[in-house]
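Single-letter residue listing:
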Amino acid sequence: MIDTHVHTHLSCDSEETMAAYLYQAERKGVKVLCFTEHADFNPYDYGYLYYNPDAFFRDIGHAKRLSAGKVEILSGIEFGETHLYPHQLRLLLKYPYDFVLGSIHWVNNLFPDEKTRMKYDAKEFFDMYWTQMLEMVKFGGFDSLAHIDFPKRYYGELHYKGSVLREIFSRLLENDAVIEINTSSLRKGCPESMPAKEIIELYRDMGGKCVTIGSDSHIAGDLAADFEKARALAEEMGLEICLYRERKRYIWREASARPQGFDMLKR
Ligand SMILES: [Zn+2]
Ligand SMILES: [Zn+2]
């Protein structure tokens, strides 16, 4: 079991410690843990300028010593709208990250909160959202595209055009990136993970071979939550589960669930 989307107090919206996650990882049999704190540079974001990479790598060092190899600790980052903040991305990528998640959290100055939902219906918002996503995948700068249809968590509806998503996946795959199956929506009253099965199907049909899996936990108790569902979905779609070390992709092999048992994916 591997969880490659986890937040601690080094993200603006979590108070959890890495030690608490380590404890849960050992308890739940999670072999690999990738911490992916928020780095959002939209000035409207609650966490604007909150992220501190020095504090992050200091904590990662402590966590690695604490785990003493029992759980593999990876250093990730969840970067919002890479295409809009290339300078900040470049500066952060001077640090030795294993993994970069790319997220669209903001559509210009809009987050799908109540105020936005009063002004734009789901279809209108999703149209603007996919346009942003297409710009981001063209730019790249990340390894896995996080929680692809996340506005559905707020709107309770999903709207997309197959042609737009096909273009998104085509550009994504050109940039050698993958997508994430994110289980946080299942904890927030949504009947399915993100993205929806039909979107994962489109990704696979466009040539996608693997996915990363993330709980998007903000508390340690949520670590690897609903992963049996995510894994079943990946398996049903014929997609392999992967992780990144030093920005290189590795396929997860269940039978050899130790770090040295990974097979590196060659394209
Ligand atoms: Zn996110
Ligand atoms: Zn997240």
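See the structure printed just above.
Now for a look at the structure at hand. (Residues numbered from 1 in each chain as written. Chains lettered and ligands numbered in written order. Predicted model: local features only at pLDDT ≥ 70, side-chain atom pairs only at ≥ 80, totals over all residues. Heavy atoms only, no water.)

Some thoughts on the overall build of the chain
Assigned secondary structure in the chain consists of nine helices and 10 strands. The C-alpha atoms of the chain give 17 Å as radius of gyration, which agrees with the globular expectation for 267 residues (18 Å, within 12%). If you line up the chain on its principal axes, its C-alpha atoms span 50 × 40 × 35 Å. For the chain, the proportion of its 267 residues judged to be buried stands at 56%. The long-range fraction of contacts in the chain, counting pairs at least 24 apart against all pairs at least 6 apart in sequence, stands at 73%. Total accessible area computed for the chain in this model is approximately 11,900 Å², and 50% of it derives from carbon and sulfur atoms. When the 34 positive and 41 negative side-chain charges of the chain are each reduced to one mean point, those points stand 4 Å apart. (Helix = DSSP H or I, 4+ residues; strand = E, 2+ residues; numbered from the N terminus. Rg over C-alpha atoms; globule rule 2.2 N^0.38 Å. Buried < 20%, exposed > 50% of the residue type's maximum accessible area, 1.4 Å probe, protein only. Contact = heavy atoms within 4.5 Å. Areas by Shrake-Rupley, 256 points an atom, 1.4 Å probe, with all protein chains shown as cover. Lys, Arg positive; Asp, Glu negative; His and termini not counted. Charge placed at Lys NZ, Arg CZ, Asp CG, Glu CD.)

Re the pairing of strand β4 (residues 99-103)
Burial runs high along β4: five of the five residues are buried. Neither face of β4 is open: one carries Phe-99, Leu-101 and Ser-103, the other Val-100 and Gly-102, and all of them are buried. Here strand β3 (residues 72-80) pairs with β4 via five bridges, running parallel. Its bridge partner being in β4, Gly-76 is matched across the sheet by Phe-99. Crossover handedness for the path β3 to helix α3 (residues 86-92) to β4: right-handed. Pairing geometry for β4 and strand β5 (residues 144-145), over two bridges, is parallel. Bridge pairing links Leu-101 to Ser-144 in β5. (Pairing = 2+ DSSP bridges. Right-handed = clockwise from strand over helix to strand, strands pointing away.)

Structural notes on the packing of helix α5 (residues 122-139) against helix α7 (residues 162-174)
Between two packed helices, both the angle of their axes relative to each other and the distance between the axes serve to describe the pair. One can describe the packing of α5 onto α7 by two numbers: an axis separation of 8 Å at closest approach and a directional angle of 20°. Here α5 is positioned roughly parallel relative to α7, judged by the angle of their axes. Both α5 and α7 take part in a crossing whose hand is left-handed. Contacts between α5 and α7 pair Trp-130, Met-133, Leu-134, Val-137 and Lys-138 from the former with Val-164, Leu-165, Glu-167, Ile-168, Arg-171 and Leu-172 from the latter. For the contact of α5 with α7, the class distribution of residues is eight nonpolar, no polar and three charged. (Axes fitted to C-alpha atoms, helices over the stretch in contact; angles between N-to-C directions. Parallel < 35°, antiparallel > 145°, perpendicular 65-115°, else oblique. Left-handed = near helix turned anticlockwise from the far one by under 90°. Nonpolar A, V, L, I, M, F, W, Y, C, P; charged D, E, K, R; others polar.)

Considering the coordination of the zinc ion (ligand 2)
Those protein atoms acting as donors to the zinc ion (ligand 2) are His-5 (NE2), His-7 (NE2), Glu-78 (OE) and Asp-216 (OD), and they sit at 2.1 to 2.2 Å. Classification of the site at the zinc ion (ligand 2) rests on its four donor atoms, whose angles at the metal span 83 to 172°, yielding the label irregular. When the donors of the zinc ion (ligand 2) are listed by position in the chain, the intervening gaps give H-x1-H-x70-E-x137-D. (Donors = N, O, S within 2.8 Å, 3.2 Å for Na, K, Ca; no water. Tetrahedral: all angles 85-135°; square planar, octahedral: opposite > 155°, others 65-115°.)

Structural notes on the packing of aromatic side chains
Inspection of every chain in the model, using the stated rule, returns 21 aromatic pairs. On the numbers, 5.2 Å between centres and 65° between planes, the contact of Tyr-129 with Trp-130 is edge-to-face. Trp-130 carries the same exposure label as Tyr-129, and that label is buried. Cluster of aromatic residues (ring-pair linked, three or more members): Tyr-44, Trp-106, Phe-111, Phe-125, Phe-126, Tyr-129, Trp-130, Phe-150, Tyr-154 and Tyr-155. When the ring centre of Tyr-250 is taken as origin, the NZ or CZ atom of Arg-245, which lies over that ring, is 4.7 Å away. (Phe/Tyr/Trp six-rings, centres within 6.5 Å; stacked < 30°, edge-to-face > 60°. Lys NZ or Arg CZ within 6 Å of the ring centre and 35° of its normal.)

Structural notes on the pairing of β3
Counted residue by residue, β3 has nine buried out of nine residues, so it is predominantly covered. Because side chains alternate across β3, one face comprises the buried residues Glu-72, Leu-74, Gly-76, Glu-78 and Gly-80, and the other comprises Ile-73, Ser-75, Ile-77 and Phe-79, equally buried. Bridge analysis of strand β2 (residues 32-39) against β3 gives eight bridges, and the strand direction is parallel. Across the sheet, Cys-34 pairs through a bridge with Leu-74, a residue of β3. Between the parallel elements β2 and β3, the chain passes through helix α2 (residues 53-67) in a crossover that is right-handed.

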